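# Breakdown of the fold
Okay, here's what each chain looks like letter by letter:
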Amino acid sequence: MFEQIAFYLFSILTIGLFLVTVLSNNILYAMTSLASGMVLIAGFFFLSGADFLGVVQLIVYVGAVMALYAFGMMFFDVTKVVKENNTSNVLVFVFGVSIALLMVAMFAAPISPEVIFASVPPEPNATNPEAVGMVLFTKYLVPFEVAAVMLLIAMIGGIILAGKKMDKSLTKTEDENIIQKDVK
Amino acid sequence: MDALVIGTIIKVVLVLLVVSALAGFGTYIERKVLAFMQRRLGPAHVGPFGLLQIAADGIKLFTKEDIIPQNANKFIFSLAPVITAATAFIALSAVPLFPTFIIPESLPLIGGAIVPSVIADVNIGILFVLGMMAAGLYGPLLAGMAQANKWGILGSARTAIQFLSYEVVTGLSVLAPIMLVGSLSLIDFNNAQIGGVGSWIIWQQPIAFVLFLIAGFAETNRTPFDLLEHEAEIISGYVTEYSGLRWGMFFIGEYSNMFTISILAAVIFCGGYGDIGFIPGWLALLLKVVFFFFLMLWVRASWPHIRPDQLMWLCWKVLMPLAVINIVITGIVVMI
C-alpha cells in the first residue's frame, strides 16, 4: 500500500515539477523545479528496489543542476522574469507535440507484458552495487569503456580550453596591473 | 498497525526532537568552548553557568519578527531554510544511532513496538547520507539567490564553488575504506571493526581519514571553509536577510549536519558502536561523536578563514591527487 501511495505521489509531483520547469518564465522557479524533479525521480529507483541507482541519480543530478545554477546566476537577474523571444508559437506547438507523441510511442510500444523481460537477470544473492557491477563489467563492458574514454577526452578538452594563463592568479594580482581589454 | 511501523514513527519523532534540541545545546557548547580558548567567559548571566541562555535564544528566535525583503522571490525565500533542515534530517535517517530495542508490552498503545537502530535501512547507507547532505547545499544556494541582495548572491556563488570543490574529495576519500570493507552499508562497516581498537580502519587508512575530515568541515561550512557566511567579507552571505525562525532552521540544519559528519567519521573510521574494553558500545559512540564535535570547535578557534580560490586550489590540486594515490595503493594492496 505504501509503495502505491508513494508511486502516485512521486508521479504527480514529478510531472508537475517538470511542467513548471518548462512553462515558467522565472529562472529560479525553473531551476528549482528541475532540481527537485530530478531528486524525486530517485524515489522511483528506491521504490523498485534499485537503491544504488537511486543514490547515483541523486548525487549526479544534484551536482549537475548545481553547475546549471551557477550559469543562471552569471547570465540572469534571478529575481526578475526572463523575457523569452520565441518567433512562432505554431512551430513550438508542432515540435512539442511531435516529440511528445514520439516518446509516448516509444515507451508504449512493448505494451504486452510478455515482450518485457530482463536480458541480464540479476544474481539472486547479489547486493545492489554488486548486481550493477556484474552487468556493467560483463555484458556492457565496451559501452562502459567507450563512455570512460569520452569523459577523458572531454576533460582534456576542458583543460586545454580553460588552461591558458593558468599560471597567473588574478586574485593575487594588484588591481592596477589587471589589463582590461574590453573597456572602451 | 505493524509493530515496526509504529517503532519507526517513534524513532523519527525522537530523532527530530532530540537533534533539534541538541542544535540549541550545541550553540551553548560552541560559545563556551570558544570563550575558554580565547580567554573569555562566554554566556554567563542567564541561569547557572549561562545554561538558560539556550532557552533565552530559543524564545528570541521564536518571537522575532519574520521579515521578507520587498524584491525577494517570496516562495523560494521561504522554501530555502526548509530544504536545509529537511535534508539534514533525511540524511540522519540512514545513520545507525542506537541499538535496536523493543518497547515493553506493559505500556499502553505503543507496547511491543520494535524501534529499529536505523530508520531507513538502505544497504548503500554511506552514499545516501553523503548525497543527501550534498542536496542540503541547495538551501544556501536558493536562499542567496532569492533574497535580492548582493551579499546573498555572493554567498550563493560561493556555495556553488564550495560544492564543486569538496564533493570530489568526499567521494574519493570514503572510496578507500569502502574497498577494504567491500560494502556500502554502515552496519557492515561497524561489524568489520568489531575487534577492538586495533581493528579500526583509521590505522589502515590514516590519509583517507584526514581527507574525509577536511571535506566534512567543508561540507558543514565549519570555520576554515565557512566561505558562505564569512562575516568579515560578505556580511552574512546567504543568511543576510533572514531573521527569526527561518534563520533558526538554517542553524538547526547546520548543527545536525555536524552531528551526521561526526557519526559518519566515528562509524566509518573509528569502530562505530563496538565496545572498547569495559566501555559499552553506545557510550563509546557517544564519546567519539562528542570528540569529533569538539574537534570542529577546536579547529574553529585555531585556524583563520581561507579564500575561495585557496579552497579550490586545496581541494583540486592537493587533496584530490592525494586521495587518488591513496585509492591506487589501497587497490594494489587489496589485490595482493
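Only a predicted model underlies this, so the values are computations on that prediction, with no experimental measurement involved.

For the rest of this paragraph, the subject is the overall build of chain A. Assigned secondary structure in chain A consists of six helices and zero strands. Starting at the N terminus and walking to the C terminus, you meet the elements of chain A as α-α-α-α-α-α. Counting over 184 residues, chain A shows a buried share of 20%. In chain A, the proportion of contacts linking residues at least 24 apart, taken out of those at least 6 apart, comes to 48%.

Glancing now at the packing of aromatic side chains. Both the distance between ring centres and the angle between the ring planes are used here to describe each pair of aromatic rings. Applying the stated criterion to the full structure yields 20 aromatic pairs over all chains. Within the aromatic cluster, the residues linked to one another by ring pairs are B:F209, B:F212, B:F269, B:F291 and B:F292.

Let us now look at the interface of chain A and chain B. The interface is formed by 27 residues belonging to chain A together with 30 residues belonging to chain B. Buried area between chain A and chain B, both sides added, is near 2400 Å², and the carbon and sulfur share of it is 80%. In this assembly, chain A and chain B are joined by zero salt bridges. Seen at the junction of chain A and chain B, the total is two residue pairs in polar contact (both at pLDDT 80 or more). Counting only elements with at least two residues in the side of chain A that touches chain B, the list comes to α2 (27-47), α3 (51-75) and α5 (128-137) of chain A. Looking at which element gives the most residues to the side of chain A that touches chain B, the answer is α3(A), with 13 residues.

A few words on the pattern of salt bridges. Residue and element names in this part refer to chain B. A full pass over the atoms with the stated rule returns four salt bridges over all chains. A salt bridge links R246 to D66; the nearest nitrogen and oxygen atoms lie 2.9 Å apart. With R246 in helix α11 (residues 244-269) and D66 in the loop between α2 (53-63) and α3 (74-92), the pair connects residues that are 180 residues apart, well separated along the chain.

Unlike most non-glycine residues, B:R39 shows phi in positive territory, near 55 degrees. For B:R39, the location among the structural elements is in the loop between α1 (3-37) and α2.

All right, on to the nonpolar core then. In terms of nonpolar packing, the biggest core is built from 103 residues, with A:Y69, B:I126, B:Y138, B:L141, B:I268, B:F269 and B:F292 touching the most fellow members. Per-element accounting of this core gives the leading share, 12 residues, to α11(B). Setting aside residues up to four positions removed in sequence, B:L141 forms contacts with A:M66, A:Y69, A:M73, B:S156, B:T159 and B:A160.

Split into domains, chain A comes out as domain 1 (1-80) and domain 2 (126-166). One C-alpha centre belongs to domain 1 of chain A, the other to domain 2 of chain A, and the line joining them spans 24 Å.

Moving on, we get to the side chain of B:S262. Residues and elements named next belong to chain B. Within the secondary structure layout, S262 lies in helix α11. On the basis of relative accessible area, S262 is assigned to the buried category, the value being 1%. Not counting chain neighbours up to four residues away, the residues in contact with S262 comprise V289, F292, F293 and M296.

Residue and element names in this part refer to chain B. Mapped onto the elements, T260 comes out in helix α11. Of the residues examined, T260 reaches a relative accessible area of 0% and is grouped as buried. Those residues in contact with T260 that sit more than four places away from it in its chain are A88, L92, V95, V129 and M133.

It is worth spelling out the packing of α2(A) against helix α5 (residues 138-146) of chain B at this point. Helix packing for two helices is described by the angle between their axes and how far apart those axes are. Two numbers describe how α2(A) lies on α5(B): the axes approach to 11 Å, and their chain directions differ by 170 degrees. Classified by the interaxial angle, the pair formed by α2(A) and α5(B) is roughly antiparallel. Packed against α2(A), whose contacting residues are A:L28, A:T32 and A:A35, the element α5(B) presents B:Y138, B:L142, B:M145 and B:A146 at the interface. Here the residues of the contact of α2(A) with α5(B) sort into six nonpolar, one polar and no charged.

What follows is about helix α4 (residues 125-135) of chain B. Judged by how many residues are buried, α4(B) sits mostly within the fold: 11 of 11 residues are covered. Three or more residues of α4(B) are buried, namely B:G125, B:I126, B:L127, B:F128, B:V129, B:L130, B:G131, B:M132, B:M133, B:A134 and B:A135.

What follows covers helix α6 (residues 150-181) of chain B. Residues and elements named next belong to chain B. Counted at 1.5 Å a residue, the expected span for α6 with its 32 residues is 46 Å, and the 47 Å between its end C-alpha atoms agrees. At Y166, α6 shows its maximal kink, close to 30 degrees. Its side-chain oxygen placed 2.8 Å from the backbone nitrogen of W151, N149 serves as the N-cap of α6. G182 sits one or two residues past α6 and shows a positive phi near 80 degrees.

Here we come to the environment of A:E84. Residue and element names in this part refer to chain A. Its place among the elements puts E84 in the loop between α3 and α4 (89-108). Counting along the chain gives 59 residues from E84 to N25, while the straight-line C-alpha distance between them is 7.6 Å. Residue contacts for E84: discarding those within four places in its chain leaves S24 and N25.

Criteria and thresholds
Residues numbered from 1 in each chain as written. Chains lettered and ligands numbered in written order. Predicted model: local features only at pLDDT ≥ 70, side-chain atom pairs only at ≥ 80, totals over all residues. Heavy atoms only, no water. Helix = DSSP H or I, 4+ residues; strand = E, 2+ residues; numbered from the N terminus. Buried < 20%, exposed > 50% of the residue type's maximum accessible area, 1.4 Å probe, protein only. Contact = heavy atoms within 4.5 Å. Phe/Tyr/Trp six-rings, centres within 6.5 Å; stacked < 30°, edge-to-face > 60°. Buried area = accessible area lost by both parts, 1.4 Å probe. Salt bridge = Lys/Arg side-chain N within 4 Å of Asp/Glu carboxyl O. Polar contact = N/O pair within 3.5 Å; in protein donor to acceptor, adjacent residues only side chain to side chain. Core = buried A, V, L, I, M, F, W, Y, C linked by side-chain atoms within 4.5 Å. Domains from an automatic or database assignment. Axes fitted to C-alpha atoms, helices over the stretch in contact; angles between N-to-C directions. Parallel < 35°, antiparallel > 145°, perpendicular 65-115°, else oblique. Nonpolar A, V, L, I, M, F, W, Y, C, P; charged D, E, K, R; others polar. Expected span 1.5 Å × (residues − 1). Bend = angle between axes of the 7 residues up to and from the residue.

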